[in-house]
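Chain and residue survey
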Amino acid sequence: MSLKARLSRLQSQAGGGCRDRNKGIAGTGLRTRLAHLRPERIHAQAPSGGHAMPPDELAHALRGEICDEGLVHIRRSIRLAEQPDSLILRSLQCNPGLPGDAGTSGLRCIYIDTETTGLSGGSGTLAFLVGLAFVDDDAITTRQLLMTRFSAEAALLAALARLLSPGDRLISYNGKSYDLPLLMTRFRMQGQEHPLGTLPHLDLLHPVRRLFGKHWKNCRLITLEENLLGIRRVDDLPGAEAPAAWFRYIRHGDGSQLARIVEHNRQDILSLAFAHSLLARAVERPRDFGVDIHALARWLAETDESAAIGLLRSHAGRLCDEGMRLLGQLSRRTGNWKQAVSVWETLAANGCVNSLECLAKYHEHVSRDLAAARRCCERLPRNAAQGHRRRRIDAKMEAMKNRLRKHPPAESCLPLIAGRIPGQGTLDPDT
Amino acid sequence: MSTPAGQIVPPCEASHADPAGELAARLRTKYATRITGELVVPAQAGQYAPLPDDLDHRLAEALRGRGVERLYTHQAAAWKTVQAGSHTVIVTPTASGKTLCYNLPVLQAALRDRHKALYLFPTKALAQDQVAELMALNEAGDLGVRAFTFDGDTPGDARKAVRTRGDIVVTNPDMLHQGILPHHTKWAQLLECLRFIVIDEMHTYRGVFGSHVANVLRRLRRICRFYGSEPCFILCSATIANPSELARELVNDEVVAITESGAPQGPKHLLLWNPPVVNADLGIRASARSQTTRIARTAVTHGLKSIVFARSRLMVEVLTKYMKDAFDRDPRSPARVAAYRGGYLPSERRTMEKKLREGSIDCVVSTSALELGVDIGSLDLCVLNGYPGTIAGTWQRLGRAGRRQRTALGVLVASSLPLDQYIIRNPEFFLGASPEQARIDPDQLLILLDHIRCAAFELPFRDGDVFGRQDLGEMLAYLQDHGVIHHESGRWHWMADSYPANSVSLRSVAEGNFVVIDTSGGKQEIIAEVDYSSAPDTIYEGAIYMIQSAPYQVERLDWEGRKAFVTRTRADYYTDAIDYTRLRILERFEENKGKVPPLSTVAHGEVHLVRRIAGFKKIRYYSHENIGYGNIDLPDQEMHTTAVWWQIDPHALDAAFESRLEALDGFLGAGYALHIVAAMRMHSESQDIGRAVGDGNAEWFATVGASGRGQMRNSAGDAIDPGQPARFTPALFLYDNYPGGIGISSPLYEARETIVAGALQLVNTCECAHGCPGCIGPILASDEVRGFSPRQMAQRVLRLLSANGEPEIP
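Residues numbered from 1 in each chain as written. Chains lettered and ligands numbered in written order. Predicted model: local features only at pLDDT ≥ 70, side-chain atom pairs only at ≥ 80, totals over all residues.

1. Description of the overall build of chain B
Assigned secondary structure in chain B consists of 24 helices and 35 strands. With 810 residues in all, chain B has 52% of them scored as buried. Residue pairs at least 24 apart in sequence account for 72% of intrachain contacts in chain B once pairs closer than 6 positions are excluded. (Helix = DSSP H or I, 4+ residues; strand = E, 2+ residues; numbered from the N terminus. Buried ≥ 20, exposed ≤ 12 C-beta atoms within 10 Å, placed from the backbone. Contact = placed C-beta atoms within 7 Å.)

Shown next as structure tokens:
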């Protein structure tokens, strides 16, 4: 009996094909049974009737060219001048700026996305299609590299490395955790050097999550296109079907689905480029784009607190509580106590315990208005910390009374209190 | 750290009173009838060697800083073979300083050449211990070597540091299989400089698990070659019969074995203890639990430090309670008794280990968790509540007492399980026998196939590559037929949108385990997993399924969905599936006819097996009487596997038995006894082996029917008259209970004479009157009354099977 026949028999006996368990169990002879054994769990579909397409024919159908053995290169450009009415093309910038982008202004943006043979990663998953997009003053150009056989991988990676140069910056969508590590694995498997680790890299998924994560149902690229770019894809083959489409070509030479995957990938990198520009616009005009103001302010505050305060103040009437709290926090940090107090008072009036506590601290330690501190404290929920605070304020009031009785205040004491540098939050002994 | 080599022996130990020896003497006089066997192992003096000349001076300083001035001879021998570049396996007793055998070369290579090492431990707890110990040596010499554990508990943000900065990475085979190898490019820095692979507790890698691990190691070496490294293996093992053979199978290369221990050992007493008989007819004895508690209590009262091993976590808790009731009644004084088992928090376990080392605990009750190399200091007494299942495991546990040059006492208390009773009634078997062989079969087709898939994912195979001892090209072609691999220009590429290692568990052959879901009180909680292959006869509807000896009843079995829904129950019975197994002999590999006259034949070969689980018996606890039946409606199970079978010459059979029915009873009883002995001999769980009685042509087979007597049934499962078949040549089968076999039946065939002799002795020496679960299987109370003795029939069959066919002794 052949090894293959034994294997398929054993696999089915080990629970591999439970659905077929009831069939063919009668105790007939082994040889007869073997003849009846169907191969189980076959993934390969039969070819769909279409003829097998050799790589050059496939390249032609994709409007690309064979640039190395088994490697198809598809280069396409959209001239901005050709479609002057397209809003989205008009909004395209060469190097859009986002918060924290300092130091990247001279770099060329390269938008990158891959299609892979599996979605779970690991060293057996490879990127059979890599798409790059470049934006110039007058055009947006996509270059896609497609393997038509496994052995073309080395050529694909070499071609990819040639397209990148030290002055480049990679822009991806979820590339930090998916595309880039996967490509680095592939370079290592092929024993090739690569520049991926050294190039600056911006993963747009992170800012998108920040700015819209709360408002959108999810942050997939499709959702981004619908909500930010106003695009709805027609007849798109989802990325999850990419592996099957490529396998179909490898097994049967059926390139029909592959063309749709190439188109899907091209759409992805174009969307990335547009999204990048539009995100920059959204940061400038957040209200028009439905940006989460609080999240944007937090992002701005990482590098520019005054810009964040400006943003929050310009949206003062419409801020969510979190936004208000951030405004209070930033105001305190920059020493604008007046603004901080007014924010806290508004919040405290709405029952925000945290702000009430800030007020109590402020009155106790900064303005030294112990009576006001005591009033705020009274409104705080009763717990150990509140009791502690109350007793401390009472003790201070008592001490103050005693001091005043013994030594009436001299003029010179007052500037000491007033001149105190409003703190970094370190004034309060209980923080 | 385990006993540092060359540590100064406390001088006055020998002149002191000998508390463990005295306790042994006291037990011996007071309970002479319960002690069925005794063994005294004399003390052994330490043998030493100087620190090797080529040992790095920093390392030598670190050793001296830890009080180690010289090595044991086996440590020095290991150093020499490893420095010569040989794969090395070290087989010495517990606490003989094995860890130094691998830590020294590994640290030296890390210090001198920044070479790296990978440590594999079977459990996470051991891995943690190992890193702590390495760090102690590291700090003593300020060596600057970085050791990290990498397992399921390693946080995501720490993983990168482990991958790129660790000199020594400590992990387990499952993590290597699913977490490291499929992502080897991330581990390139480690793999490029990998000099040593250390495998401790090698004896745990046997059977299915060991067969998988051998393949994981094949994959690891293949990936190492890709990165240009050719690491050296250092393995350590507790005593087993075939360490070099197991090591060679695991690493697929020649391995030098070092088996002479130079570590000193105090004298050891071992007592085999059988609880007294309470009901001789039913073969019921007093519980092992009460005996264990009694012995441990006596020991603690006399000031001995003790450890008690129990076989389940529940039993640990029960015994701890009994001991605490005796010694920890006053909550104000510190506890003298402690429990130790899996499921406790790591910090809690560390605290316990510390207390044990310091000697502030007088008695610890543990599962096998303390069997492996966790350092717990010096103990005087070890009580085993029940036979641990293997000779090697028993010695390993007993080794926990008397680590440091002092008399130690071990007591093995037998439970009522058949295996325990066999061991206890045949003390010479246990005391005289060498430990079991650890068997693996890395080329078992299904296991190998799984790992070829994983390996293809990790790195494409090339034409002409070799992986295992089967034809790789044909295996790959099979996978190509199934669409997961693609052949192109001389290479085989993985081509499926999946991650094969995720669907391969190192602990089983079959796919699609069943989960057991507890639905008591409206909840839905997964409480256990059952192998595909053992599902049909353990979780059928109506079955009582035991977890930690708590009974659950199976309410519903979803065969397609692989789920069993159970509820808690208080049944006073357990269930036993009635399976009709038909076997057809397909091919005889080997055959051995008995001596002149040819009374019996024994053969080894391939069989086709169809099992129908037709129903189940309800058996009451203790009395073992049948109290009812239930039907089971499950698809037939079909399997090709390998088997050993025995047959008796028809004339001899006719002469020996008055009727065919009697002969059938004899075969069924003999099968039961052979099964017990075979499982023990083969170092396997009893469910790894199946048994059946039939004609070997799938025309009829025999089972124990409702009457308690043997029944003959045809292929449709209908009862037939034993007189009906023209020819009557029953065969008794023991088979590998996995599709394709897992390599048990071949050594079983080799050991056929010992096994038959062992089974005969088991039945001969049993104290029951007519048969019991300890020898030929449970029998009905009615048989006891009638005086019919299936046991006698079984003895007759076994005598005919034993090669010389000795005459029956009345």
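And the narrative resumes.
2. A look at the overall build of chain A
In terms of helices and strands, chain A carries 19 helices and 7 strands. Expressed as a percentage of the 431 residues in chain A, the buried residues total 35%. Counting contacts in chain A only where the partners sit at least 6 residues apart, residues at least 24 apart contribute 63% of the total.

3. Brief notes about the sheet that holds strand E9 (residues 232-237) of chain B
Residues and elements named next belong to chain B. Strand order in the open sheet made by the 7 strands is E6-E7-E5-E8-E9-E4-E10, with parallel pairing throughout. Among the strands making up the open sheet, the edge pair consists of strand E6 (147-149) and strand E10 (256-258). Strand-to-strand twist of the sheet, defined as the mean angle between neighbouring strand axes without regard to direction, takes the value 15°. The pairing of strand E5 (residues 116-120) with strand E8 (residues 194-199) spans 5 bridges and is parallel. By the bridge assignment for E8, Leu120 is matched with Ile199. Lying on the sheet, helix H3 (residues 73-83) is in contact with strand E4 (88-91), E9 and E10; it crosses E4 at an angle near 170°. (Pairing = 2+ DSSP bridges. Axes fitted to C-alpha atoms, helices over the stretch in contact; angles between N-to-C directions.)

4. A word on the nonpolar core
All names here are of chain B. In terms of nonpolar packing, the biggest core is built from 203 residues, with Ile168, Val198, Leu381 and Ile539 touching the most fellow members. Examining the composition of this core, we find that 10 residues originate from one element, helix H17 (residues 445-458), more than from any other. Leaving out residues up to four positions away in the same chain, Ile168 has contacts with Val106, Ala110, Lys116, Ala117, Tyr119, Leu134, Val145 and Ala147. (Core = buried A, V, L, I, M, F, W, Y, C linked by C-beta atoms within 7 Å.)

5. With respect to helix H4 (residues 98-113) of chain B
Residue and element names in this part refer to chain B. In this model, H4 (16 residues) spans 24 Å end to end at C-alpha, consistent with the 22 Å of a helix rising 1.5 Å per residue. Across the 16 residues that make up H4, a large majority, 13, are buried. Backbone geometry just downstream of H4 places Arg114 in the positive-phi region, at approximately 55°. (Expected span 1.5 Å × (residues − 1).)

6. Let's talk about the packing of helix H12 (residues 293-301) of chain A against helix H13 (residues 305-314) of chain A
All names here are of chain A. Running from N to C, H12 and H13 point in directions that differ by 160°, and their axes come no closer than 7 Å. Compared by their axis directions, H12 and H13 come out roughly antiparallel. Crossing geometry of H12 relative to H13 is assigned as right-handed. Within the contact between the two elements, H12 uses Ile293, Leu296, Ala297, Leu300 and Ala301 and H13 uses Glu305, Ala307, Ala308, Leu311 and Leu312. Residue classes in the contact of H12 with H13 are distributed as 9 nonpolar, no polar and 1 charged. (Parallel < 35°, antiparallel > 145°, perpendicular 65-115°, else oblique. Left-handed = near helix turned anticlockwise from the far one by under 90°. Nonpolar A, V, L, I, M, F, W, Y, C, P; charged D, E, K, R; others polar.)

7. As for the confidence of the model for chain B
Residues and elements named next belong to chain B. In the predicted model, chain B carries a mean pLDDT of 83, and the fraction of residues at 70 or more is 88%. Taken together, the stretch residues 1-15 has pLDDT below 50 and engages in 32 contacts with residues farther than four places along the chain or on a different chain. The low-confidence segment residues 804-810, where pLDDT is below 50, has 8 contacts with residues more than four positions distant or belonging to other chains. What the predictor reports for the complex is a pTM of 0.78 with an ipTM of 0.79. (pLDDT = per-residue confidence, 0-100.)

8. A short note on the sheet that holds strand E1 (residues 65-68) of chain A
All names here are of chain A. Across the sheet, 7 strands lie side by side as E1-E2-E5-E4-E3-E6-E7; this open sheet has mixed pairing. Only two strands of the sheet have a single neighbouring strand rather than two, namely E1 and strand E7 (201-203). Neighbouring strand axes in the sheet, compared pairwise and without regard to direction, differ in orientation by 25° on average. Two elements, E1 and strand E2 (residues 71-79), share 3 bridges in a ladder whose sense is antiparallel. By the bridge assignment, Ile66 is partnered in E2 with Val72. With respect to the sheet, helix H6 (residues 179-189) is in contact with strand E3 (108-116), strand E4 (127-135), strand E6 (168-172) and E7, its orientation differing from that of E3 by roughly 75°.

9. Let's talk about the pairing of strand E28 (residues 600-620) of chain B
Residue and element names in this part refer to chain B. Pairing geometry for strand E27 (residues 573-593) and E28, over 19 bridges, is antiparallel. Counted as the bridge partner of Glu591 is Ala603 from E28. Taken together, the 12 bridges between E28 and strand E30 (residues 637-648) define a ladder with antiparallel strand orientation. Within E30, the position partnered with Glu606 by the bridge is Thr642. Two strands pair when backbone bridges link them, and E28 and strand E29 (residues 626-631) are joined in this way by 5 bridges, in the antiparallel orientation. When the sheet's bridge partners are listed, Phe616 is paired in E29 with Gly630.

10. Some words on the pairing of strand E21 (residues 491-494) of chain B
All names here are of chain B. Relative to E21, strand E19 (residues 461-462) runs antiparallel, the two sharing 2 bridges. Residue pairing in the sheet places Arg462 in a bridge with Arg491 of E21. Of the pairings in the sheet, the one linking strand E20 (residues 485-488) to E21 comprises 4 bridges and is antiparallel in character. In the strand pairing of E21, His487 is matched with Trp492.

11. Concerning the domain arrangement of chain A
Many descriptions give the size of an interface as the accessible area lost when the pieces come together. All names here are of chain A. What the domain assignment reports for chain A is domain 1 (3-36), domain 2 (55-288) and domain 3 (293-418). Once you take the C-alpha centre of each, domain 2 and domain 3 turn out to be 49 Å apart. Along the lines of polarity and charge, the residues of the side of domain 2 that touches domain 3 split into 4 nonpolar, 1 polar and 1 charged. (Domains from an automatic or database assignment.)

12. Observations regarding the interface of chain A and chain B
Across the contact, 38 residues belong to chain A and 51 residues belong to chain B. Contributing elements (two or more residues each) for the side of chain A that touches chain B: helix H1 (3-16), H6 and helix H9 (242-252) of chain A. Top element by residues in the side of chain A that touches chain B is H1(A). It accounts for 11 residues.

13. Here's the deal with the confidence of the model for chain A
Predicted confidence across chain A gives a mean pLDDT of 81, with 86% of residues reaching 70 or more. Segment residues 17-49 of chain A is flagged for pLDDT under 50; beyond a separation of four residues in sequence, or across chains, it makes 46 contacts in the model.

14. A word on the packing of helix H20 (residues 660-681) of chain B against helix H24 (residues 790-801) of chain B
Residue and element names in this part refer to chain B. Remark: H20 packs on H24, axes separated minimally by 7 Å, with the N-to-C direction vectors making an angle of 80°. Classed by the angle they form, the pair H20 and H24 counts as roughly perpendicular. On the side of H20, the interface is formed by Glu662, Asp665, Gly666, Phe667, Gly669, Ala670 and Ala673, while H24 contributes Pro790, Arg791, Met793, Ala794, Arg796, Val797 and Leu798. Looking at the contact of H20 with H24 residue by residue, the class counts come to 8 nonpolar, 2 polar and 4 charged.

15. Looking at the environment of Lys116(B)
Residue and element names in this part refer to chain B. On the secondary structure map, Lys116 appears in strand E5. Judged by local crowding, Lys116 falls into the buried class, with 24 C-beta atoms found within 10 Å. C-alpha separation for the pair Lys116 and Pro231, spaced 115 residues apart in sequence, amounts to 9.4 Å. With sequence-adjacent residues up to four places away left out, Lys116 is seen in contact with Asp167, Ile168, Leu190, Cys193, Leu194 and Arg195.

16. Some points on helix H17 (residues 370-379) of chain A
Residues that lie three or four places apart on an α-helix share one face, since the helix turns once every 3.6 residues. All names here are of chain A. Among the residues making up H17, those that are buried are Ala373, Cys376 and Cys377. Angular distribution of buried residues about the axis of H17 spans 100°; they occupy a single face of the element. Of the surrounding secondary structure, the elements contacted by the buried residues of H17 are helix H16 (353-366) and helix H18 (384-406). (Arc of directions from axis to C-beta.)

17. Notes on the environment of Thr73(B)
Residues and elements named next belong to chain B. Along the polypeptide, Thr73 turns up in helix H3. Along the primary structure Thr73 and Leu634 are separated by 561 residues, whereas in three dimensions their C-alpha atoms are 59 Å apart. Contact partners of Thr73, with chain neighbours within four places excluded, come to Gln47, Tyr48, Ala49, Glu260 and Gly262.

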